[in-house]
Amino acid sequence: MSTNLSKSDGAGDTPQATLPQDAQPAAEGAVTAVDPRLLVREEGFAGYWGEFRRKMRSGELGSLPVVVGLVIIGLVFQLQDSAFLGAENLSNLFVTAAGTGLIAVGIVFVLILGEIDLSVGSVSGLAAAVFAVLNVNNGMPEWLALVLAILSGALVGALHGFFFARIGVPAFVVTLAGLLGWNGLMLEVLGSNGTINLDDSGLVAGLTNHYFSDVAAAYGLATLSVVAFFALSFRDARRREAAGVPSRPLSEIVLRTAAIAVPAYVVAWLFNEYKGLPLAVVIFLGVVVALDFVLRRTPYGRKVFALGGSVEAARRAGINVSAIRISVFVLSGTMAALGGMFLASQINAANQSSGAGSLLMNAIAAAVIGGTSLFGGRGKTWSALLGVLVIQSIASGMALLGIASAVQYMITGAVLLAAVVIDSVSRKTQKTAGRA
């Protein structure tokens, strides 16, 4: 094939590109393909409404079900008891949710792999016991005992990951053994007494008991969050525009920022109406944001999603499957230990019931209810935040109404089942629409 890149047109010296001999010119009247997302934005509100309906029909629900669920839960309990949306109850709700939410963040990473970690409850209790023994019984400085307690969770996670990734034992079996074994080790560490009280003015106690009383703290965090969201959205839009791919117009970015700003400032106002901004909320949100960045903006996060999509495809792409798997279980163990510190802070003690009860199921349920798929390959750290708010809202509302915990378990189970059903139906709908 010969290709003549330039020739004179006979009227001047300006070179003109010519087509290869076997190239076919565009048919007369042909229409150039345009990205449908550009058409959506050009059509304004009608275009966005049509795009929304298309996504609903194709099963791309996103966080919509859980947000709608939160609104319904809030309205139902508020109509039953006006104290539900009060400043004190909502502040306590956020603080109480932090411990379970941190554990759920680690579960999100494991679920994205398409695996499960049943040991997180026992690991959280073990970390609390390790901290209490080192600090209270042996006089170790709190900060050092806290670091070693969290490292114990990371070590446990590494052990689980090794047996799963290197030996080939199913994650379900490895972590089920961990659920039993680490709970036994916790009891051994606590000793015959079974309960070790923590310093009520110490570092760990302050995790859930410290509040920033200055009104500027809550409003400042809300402002920082809104400004950061706008700045990142604007930066992404400009980068996509420079790359010649569809990007969000400024009007849409402003609208989305306003949708974030309203609840952010309302929550800040409610915090200030009670004791101020809780330290637990600051740490929880900081961890969620940091790990969201890791999951969505780094090569490591893309590798985690790749493994959740197809292990064999990820292996052929050159991803070290074993290393990623081990690292995810290390992260899960670390987050379980950190969550255990918050749970110990709430009762200001480590005891034989630490990490027991419904903690494991609530952590897994929070991740799934928030939108993380049990089938792997889809999820985000914000799922843990949304899901734990649903679970804690149900618990808080029922406590206000004096409803038995048995009913709470049944309702939480029904919500979990509904979330999994929605996820399953969504996946089938996306496959039917060719978007899975």
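Further up the page is the structure itself.
Bear in mind that the values here come from a model prediction, so they are computed numbers and not experimental data.

A. The overall build of the chain, seen in detail. Summing up its helical and strand segments, the chain has 17 helices and four strands in all. The proportion of buried residues among the 436 residues of the chain is 42%. Looking at the chain alone, contacts between residues at least 24 apart form 77% of all its contacts between residues at least 6 apart. Summing over all exposed atoms, the chain offers an accessible surface of approximately 22200 Å²; the carbon and sulfur share of this is 64%.

B. Structural context of the side chain of Thr257. With respect to the helices, strands and loops of the structure, Thr257 is situated in helix H10 (residues 250-273). Those residues in contact with Thr257 that lie beyond four places of it in its chain are Val226, Phe229 and Phe230.

C. Broad picture of the pattern of salt bridges. Applying the stated criterion across every chain, the model contains five salt bridges. Between Glu312 and Arg315 there is a salt bridge; the shortest N-O distance is 3.1 Å. Here the residue Glu312 and the residue Arg315 both occupy positions in helix H13 (residues 311-316), the gap between them amounting to three residues, near one helical turn. When its relative accessible area of 42% is taken as the criterion, Arg315 is described as partly exposed. A salt bridge links Arg316 to Glu312, with the shortest nitrogen-to-oxygen separation between them at 3.1 Å. Here Arg316 and its partner Glu312 are both found in helix H13, four residues apart, which amounts to about one turn of the helix.

D. Examining the packing of helix H3 (residues 64-80) against helix H16 (residues 382-401) more closely. With their axes 10 Å apart at the nearest point, H3 and H16 run at an angle of 10° to one another. By the angle between their axes, H3 is roughly parallel relative to H16. The two elements H3 and H16 meet at a crossing, and its hand is left-handed. The segment H3 lies against H16, with Val66, Leu70, Ile73, Phe77 and Gln80 engaging Leu386, Leu389, Val390, Ser393, Ile394, Gly397, Met398 and Leu401. When grouped by side-chain class, the residues that make up the contact of H3 with H16 number 10 nonpolar, three polar and no charged.

E. Structural context of the nonpolar core. Ranked by internal contacts, the top residues of the largest apolar core, which has 101 residues, are Phe131, Phe284, Met335 and Met341. The element best represented in this core is helix H4 (residues 87-112), accounting for 17 residues. Dropping the residues within four chain positions of it, Met341 is found in contact with Ala127, Ala128, Phe131, Leu146, Ala149, Val204 and Leu207.

F. Broad picture of the environment of Leu255. Position of Leu255 among the secondary structure elements: in helix H10. Its relative accessible area of 62% is what places Leu255 among the exposed residues.

G. Structural detail: a nonpolar patch on the surface. Taken together, the side chains of Leu400, Leu401, Ile403, Val407, Met410 and Ile411 present a nonpolar region at the surface, about 450 Å² in accessible area. The greatest single-element share of the nonpolar patch, amounting to three residues, is contributed by helix H17 (residues 405-432). Mapped onto the elements of the fold, Leu400 is located in helix H16.

H. Structural context of helix H12 (residues 299-309). Within H12, the full set of buried residues consists of Gly301, Val304, Leu307 and Gly308. All buried residues of H12 project into a common sector of 120° when viewed along the axis, lining one side. Here the buried face of H12 lies against H4, helix H11 (279-297), H13 and helix H14 (321-347).

I. Representation of the side chain of Gln392 within the structure. With respect to the helices and strands, Gln392 occurs in helix H16. Note on Gln392: relative accessible area 17%, which makes it buried. The residues contacting Gln392, other than those within four sequence positions of it, are Leu93, Thr96 and Ala97.

J. Inspection of unusual backbone geometry at higher detail. For Asn348, which is not glycine, the phi dihedral falls at a positive 55°. Mapped onto the fold, Asn348 is located in the loop between H14 and strand E4 (349-351). Residue classification places Asn348 among the buried residues on the basis of a relative accessible area of 17%.

K. How the structure looks around the environment of Ser124. Residue position: Ser124 is located in helix H5 (residues 120-137). Residue classification places Ser124 among the buried residues on the basis of a relative accessible area of 2%. It is 9.4 Å that separates the C-alpha atoms of Ser124 and Trp182, two residues lying 58 residues apart in sequence. For Ser124, the residues in contact, after removing those within four places along its chain, are Ile103, Ala336, Gly340, Gly355 and Leu359.

L. Molecular detail of the packing of aromatic side chains. Throughout the structure, instances matching the rule amount to six aromatic pairs. With 5.7 Å between their ring centres and 75° between their planes, Phe162 and Phe163 make a pair best called edge-to-face. The exposure class of Phe162 is partly exposed, given its relative accessible area of 39%. Judged by relative accessible area, which is 36%, Phe163 ranks as partly exposed. Arranged with centres 6.4 Å apart and planes meeting at 90°, the rings of Tyr211 and Tyr274 form a pair that is edge-to-face. Within this pair, whereas Tyr211 is found in strand E2 (residues 211-212), its partner Tyr274 is found in the loop between H10 and strand E3 (277-278), the two being separated by 63 residues in sequence. In this structure Tyr211 comes out as buried when scored by relative accessible area, which is 14%.

M. How the structure looks around H5. Taking 1.5 Å per residue as the helical rise, H5 with its 18 residues ought to reach 26 Å, and the 25 Å between its terminal C-alpha atoms agrees with that figure. Burial analysis of H5 places 16 of its 18 residues in the buried class, which makes it a mostly covered element. The positive-phi residue at the C-terminal boundary of H5 is Gly139, with phi of around 75°.

Criteria and thresholds
- Residues numbered from 1 in each chain as written.
- Predicted model: local features only at pLDDT ≥ 70, side-chain atom pairs only at ≥ 80, totals over all residues.
- Heavy atoms only, no water.
- Helix = DSSP H or I, 4+ residues; strand = E, 2+ residues; numbered from the N terminus.
- Buried < 20%, exposed > 50% of the residue type's maximum accessible area, 1.4 Å probe, protein only.
- Contact = heavy atoms within 4.5 Å.
- Areas by Shrake-Rupley, 256 points an atom, 1.4 Å probe, with all protein chains shown as cover.
- Salt bridge = Lys/Arg side-chain N within 4 Å of Asp/Glu carboxyl O.
- Axes fitted to C-alpha atoms, helices over the stretch in contact; angles between N-to-C directions.
- Parallel < 35°, antiparallel > 145°, perpendicular 65-115°, else oblique.
- Left-handed = near helix turned anticlockwise from the far one by under 90°.
- Nonpolar A, V, L, I, M, F, W, Y, C, P; charged D, E, K, R; others polar.
- Core = buried A, V, L, I, M, F, W, Y, C linked by side-chain atoms within 4.5 Å.
- Patch = residues over 30% accessible without salt bridge, like charges linked within 9 Å, V, L, I, M, F, W, Y side chains within 5 Å.
- Arc of directions from axis to C-beta.
- Phe/Tyr/Trp six-rings, centres within 6.5 Å; stacked < 30°, edge-to-face > 60°.
- Expected span 1.5 Å × (residues − 1).

Scope: geometric values only; no functional claims are made or implied.
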